[in-house]
Amino acid sequence: GLEFALKQYPFLDGDRLEPIRRFASRYALHGGPKFSPDGRFVYFASRDGWITRYDLWGLETLVEVRAGINTRNAAVSADGRYVAVANYLPHSLVLLDHELRFVKEIETGSPVSAVYDAQPRKSFVVALKDVPELWEAVVVEKPRGRTRTPEVLASVPAIIAGAGERAAWRFL
């Protein structure tokens, strides 16, 4: 409707279903909103690669960063500490912290169709478009002096089946 044409989206009062605030957004939000575990923050991914962190308590945009050129979706980790971004272009998975600071880019060699939080495994599952593979990205924080540095590590292998083919998980 009009909000889409103006690149504005309403936040509704859940009881009255009336807008309480409209916010300007990037073009073509894609993959749906992703919420922090406490429900305070919502993250949006736009088709043109922008990731937005919006504060639902303060009703304001806190930060926007560009994580790709053509983005498919984003996922928030179960603990709310990381945001993973699936990109068609460049062919990559981008890992950001919860404040949208860059952590790591992982080249995939294929467009990334989607990324999802795998809460029970404390990881992200990554679906690739051009190869019959699923990847699992496990974020582990390693001590480095007085700080803890996040790294993406491998996990145990699993087999997936599709269209008569067998493909192993690929590890990052």
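For the structure, check the block above.
Computed from a predicted model, the values in this text were never measured in an experiment.

Definitions and cut-offs
Residues numbered from 1 in each chain as written. Predicted model: local features only at pLDDT ≥ 70, side-chain atom pairs only at ≥ 80, totals over all residues. Heavy atoms only, no water. Buried < 20%, exposed > 50% of the residue type's maximum accessible area, 1.4 Å probe, protein only. Helix = DSSP H or I, 4+ residues; strand = E, 2+ residues; numbered from the N terminus. Pairing = 2+ DSSP bridges. Core = buried A, V, L, I, M, F, W, Y, C linked by side-chain atoms within 4.5 Å. Contact = heavy atoms within 4.5 Å. Phe/Tyr/Trp six-rings, centres within 6.5 Å; stacked < 30°, edge-to-face > 60°. Lys NZ or Arg CZ within 6 Å of the ring centre and 35° of its normal.

The element strand β5 (residues 50-55) is largely enclosed, with a buried count of five among its six residues. Sheet topology note: the strand β4 (residues 41-45)/β5 ladder contains five bridges and is antiparallel. In the sheet register, V42 faces β5, and the bridge partner there is Y54. In this sheet, strand β6 (residues 60-66) lies alongside β5 in antiparallel orientation, the contact comprising six bridges.

We now examine the nonpolar core. With 15 residues, the main nonpolar core has A84, L93, L95, V115, F124 and V126 as its most contacted residues. Of all the elements in the fold, those that place two or more residues in this core are β8 (82-89), β9 (92-97), β11 (112-118), β12 (123-128) and β13 (134-144). Once residues within four sequence positions are removed from consideration, A84 is found in contact with N73, A74, A75, L93, V94, L95, V115 and F124. In this structure, F41, Y43, V76 and V85 belong to the second largest nonpolar core, which totals 13 residues.

Throughout the structure, instances matching the rule amount to one aromatic pair. Ring centres 4.7 Å apart and planes at 25° place the aromatic pair F11 and Y54 in the stacked group. Taken together, the residues span a long stretch of sequence, with F11 in strand β1 (residues 8-12) and Y54 in strand β5 at a distance of 43 residues. The ring of F41 carries R53 above its face, with NZ or CZ at 3.8 Å from the centroid. Seen from the ring of Y88, R72 lies directly overhead, with NZ or CZ sitting 4.6 Å from the centre.

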